[in-house]
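# Structure assessment
Residues per chain are reported as follows:
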Amino acid sequence: MAIDLYSLCPGGRGKKIKFCCPDHVKDLEQIDAFLEGEQFAAGLAFVENLEKSRPDCACLTEAKCLFQRMIGLWEQAYETAVAFAAREPKNVVAHTELAI
């Protein structure tokens, strides 16, 4: 599914994708494809691989939390959310992931 460049970035920074992470559109589309296909383990591996080159990308961290929860890795999802909220204390999505 095509990503709307003018929708809000899923990372929670309050910017539209076009202004927050325009270079990640193909990656976000691939993440959506993993979610739609219920390929959560493959999606998690994909995100973890992308994080090696972009460790502070909020949209990747949010996707990582989501995939971890979908697989049932609740403790890892919590640890990821704690690190996310610590790294971005004003990010609403980070605190939402922490609350989940």
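As a starting point, this report considers the structure included with it. What you are looking at is a predicted structure, and each value in this text was computed from that prediction instead of being measured.

Its location among the elements puts His24 in the loop between helix 1 (17-20) and helix 2 (25-36). You can call His24 buried: its relative accessible area is 13%. There is a polar contact of 3.2 Å between the side chain of His24 and the side chain of Arg54.

Right, let's get into the nonpolar core. If you look at the biggest cluster of nonpolar residues, it comprises 17 residues, and the most contacted ones within it are Ile17, Leu28, Ile31 and Phe67. At the level of secondary structure, the elements contributing two or more residues to this core comprise helix 2, helix 3 (40-51) and helix 4 (58-71). Those residues in contact with Ile17 that sit more than four places away from it in its chain are Ile3, Asp4, Leu5, Ser7, Leu8, Cys9, Pro10, Pro22, Val25 and Leu28.

Basis of the calculations
- Residues numbered from 1 in each chain as written.
- Predicted model: local features only at pLDDT ≥ 70, side-chain atom pairs only at ≥ 80, totals over all residues.
- Heavy atoms only, no water.
- Helix = DSSP H or I, 4+ residues; strand = E, 2+ residues; numbered from the N terminus.
- Buried < 20%, exposed > 50% of the residue type's maximum accessible area, 1.4 Å probe, protein only.
- Polar contact = N/O pair within 3.5 Å; in protein donor to acceptor, adjacent residues only side chain to side chain.
- Core = buried A, V, L, I, M, F, W, Y, C linked by side-chain atoms within 4.5 Å.
- Contact = heavy atoms within 4.5 Å.

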